[in-house]
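Overview (structure and organization)
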Amino acid sequence: GLADAEAALAGGMAPRKRAKRKAAGEAEEESEGATAVVGSPKEKKDEKRGKGGRERKFVGAHMSIAGGLWRAVSDSVSVGGRSFALFLGSQRSWRRPPLQEEVVCRFREACAEHGFEPHHILPHGSYLMNCGSPKQEVFEKSQLLLVEDLSRCSRLGLSHYNLHPGASLNEITTELCLQHIAEAINHAHQQTPGVVTGGWGLR
């Protein structure tokens, strides 16, 4: 009876309490170890930030150029963007008015005022372009427009350019389409060095 109960308490319950205390101690050690490795939330947040405490993520949107190229800068700021994309002219015509020096100055001044670096701005090529076109007329127009766009990038102080290279339209082989694209891009780079060209959407 009573003796057996006392023996059970002495021999059974005490080890359980010690086991619980031991488990709690191990959990504390593991927790302390994890804290030392992972760091505090503030430390983790600081790792994501660059100089001046600003985050090193540069997220933005494709902005309209209605009213002037420089408006894309202020519109990006208004939505909290730290980078942005834009067209360099009308998407509805092969021919566009010349880029005026006043526009260049206002765009550069807006970028400087709001702290946009050239590599955080991505001009987008016209959807009219098809540098891989099997049609000679379309190819020549596309090549000329590409040269013009890279020239605009250079004047605006921009270092990157994005375009959809082109499509074979199932009228020529993929290899020949790629040759046309390479020819157009190489020609454009010879005319306007210093601008990096990237492309998506070969069909």
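Treat the numbers as computed from the prediction; the structure is a model and nothing was measured.

1. Looking at the packing of aromatic side chains
Inspection of the entire model under this criterion finds 2 aromatic pairs. With a centroid separation of 5.2 Å and an interplanar angle of 85 degrees, the aromatic rings of F84 and F116 are classed as edge-to-face. Of this pair, F84 sits in strand β2 (residues 83–87) while F116 sits in the loop between α4 (101–114) and β3 (121–124), and the two are 32 residues apart along the sequence. Note that R106 overlies the ring of W70, its terminal NZ or CZ placed 4.0 Å from the centroid.

2. Things to note about the pattern of salt bridges
Taken as a whole and assessed by the stated rule, the structure comprises 5 salt bridges. The residue E148 makes a salt bridge to R96 at a minimum N-O spacing of 3.6 Å. Placement of the pair is E148 in helix α5 (residues 136–156) and R96 in the loop between β2 and α4, with a sequence separation of 52 residues. Overall, the relative accessible area of 11% leaves R96 in the buried class. Put simply, E101 and R155 hold a salt bridge, and the shortest N to O gap is 2.9 Å.

3. Regarding unusual backbone geometry
One non-glycine residue, L169, lies in positive phi territory at about 60 degrees. Its place among the elements puts L169 in the loop between β4 (160–163) and α6 (174–191).

4. A look at the pairing of β2
When you tally the buried positions in β2, you get 5 out of 5 residues, the bulk of the element. Of the two faces of β2, both are covered, the one formed by S83, A85 and F87 as well as the one formed by F84 and L86. Following the backbone out of strand β1 (residues 60–62), through helix α3 (residues 71–78) and into the adjacent parallel β2, one traces a crossover that is right-handed. With 4 bridges connecting them, β2 and β3 associate as parallel partners. Each bridged residue has a counterpart across the sheet, and for F84 the counterpart in β3 is I121. Taken together, β2, α4 and β3 constitute a β-α-β crossover, and its handedness is right-handed.

5. Examining the nonpolar core
Membership of the largest hydrophobic core comes to 35 residues, with the highest contact counts inside it found for F84, L86, F107, I121, L146, L156 and Y161. Elements with a minimum of two residues in this core: α3, β2, α4, α5, β4 and α6. With 7 residues, the top contributor of residues to this core is α5. With residues near it in sequence (within four places) discarded, F107 still touches L69, W70, V73, F84, L86, I121, L156 and L158.

Each value, and the rule that gives it
Residues numbered from 1 in each chain as written. Predicted model: local features only at pLDDT ≥ 70, side-chain atom pairs only at ≥ 80, totals over all residues. Heavy atoms only, no water. Phe/Tyr/Trp six-rings, centres within 6.5 Å; stacked < 30°, edge-to-face > 60°. Helix = DSSP H or I, 4+ residues; strand = E, 2+ residues; numbered from the N terminus. Lys NZ or Arg CZ within 6 Å of the ring centre and 35° of its normal. Salt bridge = Lys/Arg side-chain N within 4 Å of Asp/Glu carboxyl O. Buried < 20%, exposed > 50% of the residue type's maximum accessible area, 1.4 Å probe, protein only. Right-handed = clockwise from strand over helix to strand, strands pointing away. Pairing = 2+ DSSP bridges. Core = buried A, V, L, I, M, F, W, Y, C linked by side-chain atoms within 4.5 Å. Contact = heavy atoms within 4.5 Å.

Interpretation note: all reported values are geometric properties and have no functional meaning in isolation.
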